[in-house]
Structures are given as C-alpha cells and as structure tokens.
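Given next are the chains, with one letter for each unit.
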Amino acid sequence: MNRPSLMLSRGVARVTEAALGPYQSAVVRIGFAGTWLLFLLREFPHRQELYGPSGPWGWNLARQLTADNHAFTALLWSDGQLWFECFYTLAVLASAALLLGWRTRTASVLFMVGVLSLQNRSVFVGDGGDNVLHLMAFYLVFTRCGQVWSLDARRAAQEEAARARGERVPADRVGPVLWAVLGAALGTVTLTGRFDNGWLVPALLWTVWAGLGLWWAVGRRAAWEQPRILLDVVANILHNGALVVIMAEACLIYATAGWYKIQGSRWQDGTAVYYPLHLDYFSPWPALADLMSSSGTIMMIVAYGTVMVQIAFPFTLLNRRAKNILLVLMMTEHAVIAVVLGLPFFSLAMITADAVFLPTSFLRRLGDLAARARGRLARRAGRTVPGQRSPEESAADRVGFTA
C-alpha cells in the first residue's frame with residue numbers, strides 16, 4: 001500500500017472508530033446548556049413580556065412572522081397561558097438535564113426545541129450570543145457530548161464495574177418509557193398538523209426518535225454485533241462532522257466580525273470601543289467605563305487588538321502555541337465585556353464557543369481538579385471515609401466524570 005492510501009485509510013479509521021474530542025464536546029454541552037439555563041432563570045420574572053402570549057410582541061404578530069420566515073416554534077401551537085408556562089418549565093428542565101448529562105441524546109433534542117421555540121417566538125429580544133446559541137443547539141443534537149463529565153458516563157461506568165464484579169445489571173426502564181412518551185407526543189403533534197412551518201425540524205425529530213429506538217433494540221440483542229458496530233460508526237461520523245462544523249462556525253464568526261470591523265471608520269481610527277462605554281444600556285458600571293475610556297491610548301490598543309485577534313485566530317489553528325495564546329486573549333476579552341458592558345450571556349456563549357479549541361490535556365487537568373474538589377466536599381459531608389474510594393467512583397473517574 002502506497003503512502004497516500006495508507007494515510008487515507010488511517011484518516012477514515014480515525015473518523016469512524018471513535019467520537020473525537022470527548023472533553024471539548026462536553027465543555028460545549030455544559031457551557032451552552034448552562035448559559036441558556038441561567039438566562040431562563042434570570043428572566044423568569046419577565047418571561048411574560050419576553051415570550052408570553054400577551055407580551056408586547058403578541059401571539060398574532062409572531063404567527064404572521066413565522067408564517068413568512070417558516071421558523072419553528074412550539075409556543076405558537078397554542079395561545080393559552082397554561083401551554084406557555086408548561087413549555088417554559090420544560091425548557092428549564094431540558095437545559096438542566098443537558099447540563100448534567102442525563103439522557104444526553106434526548107435532552108439535547110429537547111434543549112434544541114426549547115431554544116428554537118423561545119428565540120423564534122420573539123426574534124427582536126436577542127443579541128449575537130443568542131444567534132450563536134441558536135446554531136449550537138442544533139449542532140449539539142448530532143454530537144455524542146455525554147461521553148465524559150455526565151450522569152450518563154457515570155451510569156455506564158457503574159454498570160461496567162458491576163459486570164466486572166460478576167453482578168447482574170438491571171435493564172434500563174427509564175429510557176424506553178421516555179422514548180414511548182416522546183413518541184406519543186411527537187405523533188400527536190404531527191397528526192394534529194402543528195408542524196406547518198417547514199419540514200426540517202419535524203424530520204430531525206422523527207429521525208432521532210427512530211434512531212434511539214433502533215439503537216435500543218440492537219443493544220438488547222447480544223447476537224447483533226455487526227448492526228451495533230454499524231450504528232456506532234454512523235454515530236461517530238455524525239459526531240465528528242458536527243464537531244468540525246462547530247469549530248468552523250466559531251472561526252467564521254471571528255473572521256467575518258474582524259473583516260467587517262476593518263471596513264468601519266470608527267475601528268480604523270481606534271475609537272469604536274469608546275462609544276459603547278458611554279451608552280446607558282451598556283454601562284452597568286459607569287465609573288469603570290469612565291476609567292477605561294479616559295485613556296485614548298488604551299481605547300486604540302483595545303480596538304486594534306480586537307480586530308487583529310479576530311482576523312488572525314483562524315490562521316493560528318495550525319500552530320498550537322499561537323492558538324492557545326489567542327484563546328486566552330479572546331476569553332479574557334469576553335470576560336471583560338461581560339463585566340464592563342453588562343453582557344454576561346453573550347460573553348458566556350462566546351467563551352463556550354472558544355472552549356472547543358482548548359487542549360485536551362488542559363481539560364483533563366481541569367476535570368481532575370474538579371474531581372478532587374468533589375471528593376473533598378464529599379468527605380467533609382461524611383459520605384465517604386477519608387482516603388477510601390468506591391469502585392463506582394474510581395470507574396467514573398476513568399471516564400472523566402465530575403459532578
């Protein structure tokens with residue numbers, strides 16, 4: 001076999017044999033689910049004004065807009081107050097389940113439905129961070145983002161430890177019941193004609209539902225080894241492809257933002273950062289904003305530095321050291337934006353998008369630190385004997401689980 005063929009075969013094997021970037025995909029899952037959960041909880045007192053049927057952007061107006069742009073939103077299936085409250089609660093629970101990695105595949109689908117429905121219901125209350133979250137919620141459905149740092153990973157490790165001890169592992173009952181309930185709900189929605197704004201989301205929901213059922217059926221048959229391997233290969237390909245799309249999306253966001261900034265006269269003369277600092281809407285800390293904007297040199301360095309970092313980032317991916325330096329700079333910049341301009345959720349969304357490029361070694365060390373902190377808290381609570389670890393905890397640590 002010649003060298004190109006050998007390299008091609010190795011590349012195909014790498015893409016199909018494993019779901020790459022387990023820690024990066026877990027960080028993306030935790031980051032976006034946590035961002036959306038915090039947003040929903042913070043806006044809970046204002047949920048009626050933002051997304052409710054009697055809010056400023058009324059139900060009829062939203063209905064007319066979605067009829068034109070064919071955007072998916074389950075909130076327009078009914079104009080009743082009870083439906084809105086139930087759906088908002090479902091969105092909160094789905095975000096929490098995805099954050100913890102409980103039934104990750106199902107939770108990712110419900111998370112996507114919640115994000116699309118709420119954002120498409122009131123399209124005029126979002127910002128750039130909401131657009132990123134909108135896209136990433138769709139991509140997460142295709143990833144195997146619960147391989148580490150999830151309750152699913154912990155449950156799998158506990159079952160593996162039980163089999164190693166020769167114990168009988170009870171059959172999973174929660175999964176089939178959840179699958180049946182969601183199938184009944186999906187069938188009811190389809191038969192009643194609620195999916196009237198396009199075919200993409202309904203087709204995705206039905207495909208995922210059928211895929212989960214097929215996966216469960218194949219997994220129950222010990223003799224069906226080849227179909228199980230085939231399904232695993234398909235899942236790996238979808239995961240790896242989605243991870244590449246997430247990375248490309250992050251690069252595209254920074255590249256387009258940087259090139260558009262270059263065309264603006266305020267960015268060219270270095271004064272673009274000065275003006276947002278003096279808008280009441282973006283000045284939660286006026287004294288801090290005044291302190292930063294008091295120096296024209298600082299404003300010019302920040303403006304030019306922002307443009308250079310955003311344009312240069314996609315080109316630094318081939319150099320690990322340069323990439324890591326720019327990652328630190330961009331995350332620091334978004335952290336400053338969160339505090340100075342009062343945009344915490346936008347900054348959290350962008351930091352999470354940046355996190356997909358973090359080195360695996362750094363994420364593993366971060367997970368180890370979290371696991372040790374969790375162990376110390378457990379020992380202080382008296383749940384374990386100091387220095388003693390259960391087999392389940394040891395197995396969970398091997399798959400990288402931290403609560």
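Residues numbered from 1 in each chain as written. Predicted model: local features only at pLDDT ≥ 70, side-chain atom pairs only at ≥ 80, totals over all residues. Heavy atoms only, no water.

### Digging into the overall build of the chain
Line of reasoning, step 1. The helix and strand inventory of the chain stands at 18 helices and zero strands.
Line of reasoning, step 2. Taking 403 residues into account, the globule formula puts the C-alpha radius of gyration at 22 Å, and the chain, at 24 Å, falls close to it.
Line of reasoning, step 3. With the principal axes as the frame, the chain shows a C-alpha extent of 70 × 60 × 55 Å.
Line of reasoning, step 4. Burial analysis of the chain (403 residues in total) assigns 40% to the buried set. (Helix = DSSP H or I, 4+ residues; strand = E, 2+ residues; numbered from the N terminus. Rg over C-alpha atoms; globule rule 2.2 N^0.38 Å. Buried < 20%, exposed > 50% of the residue type's maximum accessible area, 1.4 Å probe, protein only.)

### Let's talk about the nonpolar core
Line of reasoning, step 1. Residues Phe32, Trp36, Tyr51, Phe111 and Leu118 are the most contacted members of the largest nonpolar core, which totals 68 residues.
Line of reasoning, step 2. Broken down by element, the residue count for this core peaks at ten residues, all from helix 2 (residues 22-42).
Line of reasoning, step 3. Excluding anything up to four places from it in sequence, tryptophan 36 contacts Tyr51, Ser95, Phe111, Gly114, Val115, Leu118, Gln119, Asp130 and Leu133.
Line of reasoning, step 4. In terms of nonpolar packing, the next biggest core, distinct from the first, is built from nine residues, Ala289, Ile337, Val340 and Leu341 among them. (Core = buried A, V, L, I, M, F, W, Y, C linked by side-chain atoms within 4.5 Å. Contact = heavy atoms within 4.5 Å.)

### Regarding helix 2
Because each turn of an α-helix spans 3.6 residues, side chains separated by three or four positions end up pointing in the same direction.
Line of reasoning, step 1. Taking 1.5 Å of rise per residue, the 21 residues of helix 2 would be expected to cover 30 Å, and the 30 Å separating its terminal C-alpha atoms lies within 8% of that figure.
Line of reasoning, step 2. The buried fraction of helix 2 amounts to 16 of the 21 residues, a majority that puts the element mostly inside the structure. (Expected span 1.5 Å × (residues − 1).)

### So, the packing of helix 2 against helix 5 (residues 81-100)
Line of reasoning, step 1. Across the interface, helix 2 lies against helix 5 with an axial gap of 8 Å and an inter-helix angle of 150 degrees. Here helix 2 is positioned roughly antiparallel relative to helix 5, judged by the angle of their axes. Crossing angle aside, the handedness with which helix 2 passes helix 5 is left-handed. Seen from helix 2, the contacting residues are Arg29, Ile30, Ala33, Gly34, Trp36, Leu37, Leu40 and Leu41; seen from helix 5, they are Tyr88, Ala91, Val92, Ser95, Ala96, Leu98, Leu99 and Leu100. (Axes fitted to C-alpha atoms, helices over the stretch in contact; angles between N-to-C directions. Parallel < 35°, antiparallel > 145°, perpendicular 65-115°, else oblique. Left-handed = near helix turned anticlockwise from the far one by under 90°.)

### Some points on the packing of aromatic side chains
Line of reasoning, step 1. With the rule as written, the count across this model stands at 19 aromatic pairs.
Line of reasoning, step 2. Look at tryptophan 36 and phenylalanine 39: their rings are 5.4 Å apart centre to centre, the planes differ by 20 degrees, and that puts the pair in the stacked class. With tryptophan 36 and phenylalanine 39 both in helix 2 and three residues apart, the pair spans about one turn of that helix. Like tryptophan 36, the residue phenylalanine 39 is buried in the burial classification.
Line of reasoning, step 3. Their ring planes at 50 degrees and their centres at 5.8 Å tell us that tryptophan 83 and phenylalanine 87 sit as a pair that is tilted. One end of the pair is tryptophan 83 and the other is phenylalanine 87, both in helix 5 and four residues apart, which spans about a single turn.
Line of reasoning, step 4. Judged by its relative accessible area of 28%, tryptophan 83 is partly exposed.
Line of reasoning, step 5. Positioned above the aromatic ring of phenylalanine 44 is the side chain of arginine 47, whose terminal nitrogen or guanidinium carbon lies 3.9 Å from the ring centre.
Line of reasoning, step 6. Over the face of the ring belonging to tryptophan 267 we find lysine 261, whose NZ or CZ atom lies 5.2 Å from the ring centre. (Phe/Tyr/Trp six-rings, centres within 6.5 Å; stacked < 30°, edge-to-face > 60°. Lys NZ or Arg CZ within 6 Å of the ring centre and 35° of its normal.)

### So, the side chain of threonine 106
Line of reasoning, step 1. With respect to the secondary-structure elements, threonine 106 resides in helix 6 (residues 104-121).
Line of reasoning, step 2. Assessed through its relative accessible area of 14%, threonine 106 is described here as buried.
Line of reasoning, step 3. The contacts of threonine 106, once residues within four sequence positions are left out, are Leu178, Leu182 and Leu212.

### Digging into the environment of glycine 31
Line of reasoning, step 1. Within the fold, glycine 31 resides in helix 2.
Line of reasoning, step 2. The exposure class assigned to glycine 31 is buried, which follows from its relative accessible area of 17%.

### Re the pattern of salt bridges
Line of reasoning, step 1. This model, assessed by the stated rule, comprises nine salt bridges.
Line of reasoning, step 2. Put simply, arginine 144 and aspartate 232 hold a salt bridge, and the shortest N to O gap is 2.9 Å. Placement of arginine 144 in the loop between helix 7 (128-140) and helix 8 (151-164) and of aspartate 232 in helix 11 (residues 225-262) is noted, with a sequence separation of 88 residues between them.
Line of reasoning, step 3. By relative accessible area, which is 28% here, aspartate 232 ends up partly exposed.
Line of reasoning, step 4. Residue arginine 165 pairs with glutamate 167 through a salt bridge whose shortest N-O separation is 3.0 Å.
Line of reasoning, step 5. By relative accessible area, which is 38% here, arginine 165 ends up partly exposed.
Line of reasoning, step 6. Relative accessible area serves as the criterion here: at 42%, glutamate 167 is assigned to the partly exposed category. (Salt bridge = Lys/Arg side-chain N within 4 Å of Asp/Glu carboxyl O.)

So far we have only geometry, and geometry alone does not tell us how the molecule works.
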